[in-house]
Amino acid sequence: MDLLQTYADKSDGEDQSHQPSTSSPDSSPPRLIPSKSAAPKVDDTMLALTVAKAHQSHSKPIDPSQHVVAFNPTYDQLWAPIYGPAHPYAKDGIAQGMRNHKLGFVEDAAIDSFVFDEQYNTFHKYGYAADPSGNNYIGDLDALQKNDAISVYNIPQHEQKKRKIGKMKDVEMENEVVGGEHEVDPTEIDNPASDVWLMKNKKSPWAGKKVGVQTELTEEQKKYAEEYAKKKEEKGHSVEKGEHLVDKTTFHGKEERDYQGRSWIAPPKDAKATNDHCYIPKKLIHTWSGHTKGVSAIRFFPKYGHLILSAGMDTKVKIWDVFNSGKCMRTYMGHSKAVRDISFCNDGTKFLTAGYDKNIKYWDTETGQVISTFSIGKIPYVVKLNPDEDKQHILLAGMSDKKIVQWDINTGQTTQEYDQHLGAVNTITFVDNNRRFVTSSDDKSLRVWEFGIPVVIKYISEPHMHSMPAISLHPNTNWLAAQSLDNQILIYSTRERFQLNKKKRFAGHIVAGYACQVNFSPDGRFVMSGDGEGKCWFWDWKSCKVFRTLKCHEGVCIGCEWHPLEQSKVATCGWDGLIKYWD
């Protein structure tokens, strides 16, 4: 304001200095121009009130109900106690600013568990304890002075020495009483008030236990002990490896070699496929019956199919002639329980069997001799040899304890364990030129492994998936058919991503609860599967429509195999103990 006033005075002086002289009569009369101020008018009264109010707001505490602070509060304002009505939960009327908890003020305190136990036990023994909130004591102060403020864990040095001397005296007296080195008055020994009697009759912590000579066992106790030891030995034996049974074999044919010296397993020379087109069978042409219980699996002889191998729940494995006599050629007996799975090697001269007796046996097809036996004390659900010609000595088995175990048949040693599944392993299928294999399990998942590396490279598990107890590879090796327990067959790609093909789905059969085998025709045009009602179903691969159903067995039709050379012939097996051949 002073600056503006100065400016106005200065302008007035300039105007007066430049006015023309009034001495000239001809000059016009002077014109006085009033001064202008560019500053706005200010109400000094309102300004003073505003300044006073701001000063007052800067000094009083901040209202906790306001959401915006229009000025920079000081430290004192921020930490000033809040005055006003008490907290709604307050019963003692403490102001809200005086509390750090809705029910009052809580002091931070920490005490070690050892210190707490020490003071707790001291209070119960002596009647005083240290106050954790300060340096004073609470409780019986007379006892505190008398005991010189000792705790149960803080015994003075002289007290410790007294106790040690007392213990040494007790030991010496006990030795005297027991050893009899010094003469002791017999009256003191019999007097309960004497120290000698107390030392002699002092009981140890183990006084309640009987320590004496073992008496003879009764006949009944001896018998029970023998039975218990025998059971324990059997149990331990079965855990380490499977049940042992003497391997036997019986040849049922006329002669093991013909007039030319060829073995009975040699394929016929004229066995070859007439064309590549397959047809659906219509009628039953032969029935093999020899198993006394159900048949769990069948396998044609590789490439030629002139023999068919069957695994029975009667613990026997049989091989049957397909081309000529149609009779049983040999019976292999080496398992003590039902046989679960069978698998030929590439040339058919040897095969594997897996039984519920926890054994895997490697047989010579021609002679019936057991070459090797493998067991880890768990039930093998599926056995498979590596299909590569140079890896025919490598055996893989899916076990009931969620593992896939790999053995070297030549050495009999376990070479690898694939342990990722959460349930029993049901299938092993080699894909991608045998560099990888796919396994399915009771955990309702599929896992893809690199052969020899126990790390899952692909894990397939969806909430809608069911367990898949049977899987088969399409002849073009690009697809997997998986028997799902929700009564459908699902198709998965064997390419890098192993995706589900949602356009191909084969349904209509009832397989819930049964591990019915699924298979393809050699030309890949048809998909087939058994079901729980004894039927064999045939679907068209392209259209996914049901082509034909055959009533094959009474009960469950568990297995079905298409003949590798005869285009329209199919073998089925069921729990009625029969193997049927269809054309």
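The rules we used
Residues numbered from 1 in each chain as written. Predicted model: local features only at pLDDT ≥ 70, side-chain atom pairs only at ≥ 80, totals over all residues. Heavy atoms only, no water. Helix = DSSP H or I, 4+ residues; strand = E, 2+ residues; numbered from the N terminus. Buried < 20%, exposed > 50% of the residue type's maximum accessible area, 1.4 Å probe, protein only. Contact = heavy atoms within 4.5 Å. Pairing = 2+ DSSP bridges. Axes fitted to C-alpha atoms, helices over the stretch in contact; angles between N-to-C directions. Polar contact = N/O pair within 3.5 Å; in protein donor to acceptor, adjacent residues only side chain to side chain. Core = buried A, V, L, I, M, F, W, Y, C linked by side-chain atoms within 4.5 Å. Expected span 1.5 Å × (residues − 1). Arc of directions from axis to C-beta. UniProt positions renumbered as here; feature names shortened; annotations may be inferred. Phe/Tyr/Trp six-rings, centres within 6.5 Å; stacked < 30°, edge-to-face > 60°. Lys, Arg positive; Asp, Glu negative; His and termini not counted. Salt bridge = Lys/Arg side-chain N within 4 Å of Asp/Glu carboxyl O. Patch = residues over 30% accessible without salt bridge, like charges linked within 9 Å, V, L, I, M, F, W, Y side chains within 5 Å. Areas by Shrake-Rupley, 256 points an atom, 1.4 Å probe, with all protein chains shown as cover.

1. Let's talk about the overall build of the protein
Helix and strand counts for the protein come out as nine helices and 31 strands. Burial status across the protein gives 36% buried among its 583 residues. The long-range share in the protein, meaning contacts at least 24 apart out of those at least 6 apart in sequence, stands at 45%.

2. A word on the pairing of strand E27 (residues 535-540)
A large share of E27 lies buried, amounting to five of its six residues. Direction of pairing for strand E26 (residues 526-530) relative to E27: antiparallel, over a ladder of five bridges. The partner of Ser529 across the bridge, within E27, is Trp537. Between the antiparallel neighbours E26 and E27 lie four residues, among them Gly534 with a positive phi of about 85°. Pairing between E27 and strand E28 (residues 546-551): five bridges, direction antiparallel. Across the sheet, the residue bridging to Trp539 is Val546, located in E28. Where E27 folds back on E28, the antiparallel hairpin that results is connected by five residues, among which Cys544 adopts a positive phi of roughly 65°.

3. A few points about the sheet that holds strand E8 (residues 328-333)
Sheet architecture is open: five strands sit in the order E3-E8-E7-E6-E5, paired in antiparallel fashion. Lying at the two open borders of the sheet, with one neighbouring strand each, are strand E3 (248-251) and strand E5 (295-300). Across the sheet, the mean angle separating the axes of adjacent strands is 15° when strand polarity is ignored. Of the pairings in the sheet, the one linking strand E6 (residues 307-312) to strand E7 (residues 316-321) comprises five bridges and is antiparallel in character. Bridging from a neighbouring strand, Leu309 pairs with Ile319 of E7.

4. Quick word on the sheet that holds strand E14 (residues 394-399)
Reading across from one edge, E13-E14-E15-E16 is the order of the four strands in this open sheet, with antiparallel pairing throughout. Every other strand in the sheet has two partners, leaving strand E13 (380-385) and strand E16 (413-418) as the edge strands with one partner each. Each neighbouring strand pair of the sheet contributes to a mean axis angle of 25°, computed without reference to strand direction. With five bridges joining them, strand E15 (residues 404-408) and E16 adopt antiparallel strand pairing. The residue of E16 that forms the bridge with Trp407 is Thr414.

5. Focus: the environment of Lys318
Turning to its location among the elements, Lys318 is positioned in strand E7. Here Lys318 falls in the buried class, since its relative accessible area comes to 9%. Taking the C-alpha atoms as reference, Lys318 lies 4.5 Å from Thr331; in sequence the two are 13 residues apart. In contact with Lys318, not counting residues within four places along its chain, are Gly290, His291, Ile308, Leu309, Ser310, Cys328, Arg330 and Thr331. In terms of polar contacts, Lys318 uses its side chain to reach the side chain of Thr331, at 3.0 Å.

6. Topic: the nonpolar core
Grouped together as the largest cluster of nonpolar side chains are 17 residues, with contacts concentrated most on Trp264, Leu309, Ile319 and Tyr332. Broken down by secondary-structure element, the contributors of at least two residues to this core are E6, E7, E8 and strand E9 (339-344). Once you skip the residues sitting within four places of it in the chain, Ile319 turns out to touch Trp264, Leu307, Ile308, Leu309, Lys327, Cys328, Met329, Arg330, Tyr332, Phe344 and Thr365. Ranked by size, the runner-up nonpolar core spans 16 residues in total, among them Trp288, Phe300, Ile308 and Cys573.

7. Focus on helix H4 (residues 113-126)
Because each turn of an α-helix spans 3.6 residues, side chains separated by three or four positions end up pointing in the same direction. With 14 residues, H4 should cover 20 Å at 1.5 Å per step; its first-to-last C-alpha distance of 20 Å lies within 8% of that length. Residues of H4 that are buried include every one of Glu118, Gln119, Thr122 and Tyr126, and no others. Projected down its long axis, H4 shows its buried positions confined to an angular sector of 90°, all on one face. Residues Ser113 and His124 are exposed on H4 and point more than 90 degrees away from its buried face. Looking at the packing, one finds that the buried side of H4 touches strand E1 (128-130) and helix H5 (141-146). Among the residues trailing H4, Gly127 stands out with phi positive, at a value near 90°.

8. A few points about unusual backbone geometry
One non-glycine residue, Lys358, adopts positive backbone phi at about 75°. Located in the positive-phi region is Lys402, a residue other than glycine, with phi close to 75°. Topologically, Lys402 is positioned in the loop between E14 and E15. Residue classification places Lys402 among the partly exposed positions, given a relative accessible area of 38%.

9. A few points about the UniProt feature "repeat: WD" (unreviewed entry) in the protein
Within this structure's numbering, the places UniProt gives as "repeat: WD" (unreviewed entry) are residues 288-322, 332-373, 418-450 and 550-583. End C-alpha to end C-alpha, residues 418-450 measures 10 Å, and it is 0% helix and 58% strand. The span residues 550-583 shows a helical share of 0% and a strand share of 53%, and its end C-alpha atoms are spaced 11 Å apart.

10. What to know about the packing of aromatic side chains
A full pass over the atoms with the stated rule returns 26 aromatic pairs. Between Tyr418 and Phe437, the ring centres sit 5.2 Å apart and the planes meet at 90°, which makes this aromatic pair edge-to-face. Separated by 19 residues along the polypeptide, Tyr418 in strand E16 and Phe437 in strand E18 (residues 436-441) bring together distant segments of the chain. The exposure class assigned to Tyr418 is buried, which follows from its relative accessible area of 0%. The class of Phe437 is buried, set by a relative accessible area of 0%.

11. Topic: the environment of Gln369
One can find Gln369 in the loop between strand E11 (360-364) and strand E12 (370-374). Gln369 sits 36 residues away from Met333 along the chain, and the two C-alpha atoms are 10.0 Å apart. Filtering out sequence-adjacent residues up to four positions away, Gln369 remains in contact with Tyr362, Trp363 and Asp364.

12. Here's the deal with the side chain of Asp321
When you line up the elements, Asp321 lands in strand E7. Although Asp321 is buried, it forms no salt bridge, and the closest oppositely charged side chain is Lys327 at an N-O distance of 9.3 Å. Filtering out sequence-adjacent residues up to four positions away, Asp321 remains in contact with Trp288, His306, Leu307, Gly326, Lys327 and Met329.

13. Notes on a nonpolar patch on the surface
Together, Ile111, Phe114, Val115, Phe116, Tyr120 and Tyr153 make up a nonpolar patch on the protein surface, roughly 610 Å² of accessible area in all. Tracing the chain through its elements places Tyr120 in helix H4.

14. Section: the side chain of Ser441
Structurally, Ser441 is set in strand E18. Within the structure, Ser441 has its side chain in polar contact with the backbone oxygen of Gly423 (distance 3.0 Å). Here Asp443 takes part through its backbone nitrogen, which lies 3.2 Å from a polar atom of the side chain of Ser441. Ignoring any residue separated from it by four or fewer positions in sequence, one finds Ser441 in contact with His421, Gly423, Ala424, Val425, Asn426, Ser467 and Met468.

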